[in-house]
Each structure stands twice: as structure tokens, then as C-alpha cells.
Amino acid sequence: MALFRFSTDPPTRPLIRTPNLILRAPQATDYAAWAVLRMESREFLTPWEPVWNEDDLTRASFRLRVKRAAREIATDEAYSLFILDAQSDALLGGLTLGLVRRGVAQACTLGYWMGQRHAGKGHMTEAVRGALRFAFSDLALHRVEAACLPNNDPSRRLLERVGFRREGEARAYLRINGHWADHLLYGILSSDRLSSEGDAGAR
């Protein structure tokens, strides 16, 4: 069972700290930074994401996103977090521990995105390491799953770098950029050895 329960207000936890990053729930005041980062990264992100809705970058849509994230954290359904630079507080990207399954599964699915100007600098590797420690310790999960497109070499290398093992391939697994796409399937268990580079903690 998750350690955190919230009202509909933006949650102040989970707060995951790593040496260079902070991962926390999105807040209404993040809108401007989020909209700018997503807009300038649109071409960079399009090949790897579902088709964006016409109102995706509006303030109203973002408010709904923030409320949904708070509700899902409160009900232990998903943990949608923004990735911030610990020194400058700049928004770098986002990460989600979603589709939390309790009972006999004790598992969730990892997803992430990084703004184009922040990509390739090791931020997401550090963020995923911190999120995995949070998933296995604070959330007491047994398994984290992830999937990536076969041609997404940076994502594939990231998953393998932090300790995920490739477990198979799923045909037409997710609808990405308007098309049903095959995905490589990865998993990591709480008993697996995590990559030891860097450190992270949640509070």
C-alpha cells in the first residue's frame, strides 16, 4: 500500500530528491514553463508520443492534468511527476509511475518525456533511478514495467543502463503518433540489482 494519501489539493509529496534533480507532482504555477517546454519540443517528441489534442497546451487542459495527477496520487493509481533541476528549479521533463496494480501484482508502468534542450545530458537516467528507488521502497512495489519503440535507441539504452531487462515484444502495443506500433517490453524487479551510479531518496 502506498504511504501517501492526499485531498484534491496539489500534493506536496511524493518528493523525490536525487543529487541534481527534484521529482514532484505538477502544480498550477508550472503551466507557463510546461507549455513553453512542450511547444518548443513538439517536433522532438512527436515520434514517441500519442497524437496531441488540439487543446493540449491550453491552461484549461493543464489545470485538468494537475487535478488528475493529484487524484491519482491520492488513490494510489499513478504518480505523475515533473522533473526539475535542483539548483535552478527549471522544468526539464516528466515521469510517470502509472497503472499501479496492487493485490497479487504489486507492479506499475514507467513512462517519461524530456524537453529537447535538456535531452542527452543524463537527466532522465538520474530521474529514472530515483523513481525506481521510490517505487521499490516507498511504494513497496515488486515490479516496474516499461515499453519503447524498437527504433528508439536512446530510450532502449536508458532502460538497459538502469537495470531493466528486455522481456519480449508486443505487436501493435500502443497507438503512437497516430499509428498502432510494436514495442519492446522491459521489466525490473525489486530483487534485481539497480545501477549504482548516483544516489536518490524520497521523503
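What counts, and where the lines are drawn
Residues numbered from 1 in each chain as written. Predicted model: local features only at pLDDT ≥ 70, side-chain atom pairs only at ≥ 80, totals over all residues. Heavy atoms only, no water. Buried < 20%, exposed > 50% of the residue type's maximum accessible area, 1.4 Å probe, protein only. Helix = DSSP H or I, 4+ residues; strand = E, 2+ residues; numbered from the N terminus. Contact = heavy atoms within 4.5 Å. Salt bridge = Lys/Arg side-chain N within 4 Å of Asp/Glu carboxyl O. Core = buried A, V, L, I, M, F, W, Y, C linked by side-chain atoms within 4.5 Å.

Participant: How should I be thinking about helix α1 (residues 31-40) in this particular structure?
Facilitator: Residue pairs three or four apart in sequence face the same way in an α-helix, which turns once every 3.6 residues. Of all the residues in α1, the buried ones are Y31, W34, A35, L37 and R38. On its buried side, α1 packs onto α2 (42-45), α3 (59-74), β3 (79-85), β4 (91-101) and β5 (107-114).

Participant: Sorry, what's going on with the pattern of salt bridges here?
Facilitator: Opposite charge on two side chains permits pairing when their charged atoms draw close. Within this structure, the stated rule accounts for 11 salt bridges. Taking the shortest distance from any N to any O, the salt bridge between D30 and R24 comes out at 2.8 Å. For R24, a relative accessible area of 13% corresponds to the buried category. Here D192 makes a salt bridge to R165, at a shortest N to O gap of 3.7 Å. One end of the pair, D192, is in the loop between β8 (179-189) and β9 (201-202); the other, R165, is in strand β7 (residues 165-176), and 27 residues separate them in sequence. Classification of R165 by relative accessible area gives exposed; the value is 55%. It is possible to trace a salt-bridge network through shared partners that takes in R101, R143, E145 and E167.

Participant: Please explain the nonpolar core as it appears in this structure.
Facilitator: Here is a general trend for soluble globular proteins: nonpolar side chains tend to be buried in one another's company. Residues L23, L95, L97, L110, V128, V144 and F164 are the most contacted members of the largest nonpolar core, which totals 35 residues. The biggest single contributor to this core is helix α4 (residues 123-138), with 8 residues. L110 has contacts with L95, T96, L97, V128, V144, E145, A146, L159 and F164, leaving out every residue within four places of it along the chain. In this structure, Y31, L57, V66 and F82 belong to the second largest nonpolar core, which totals 13 residues.

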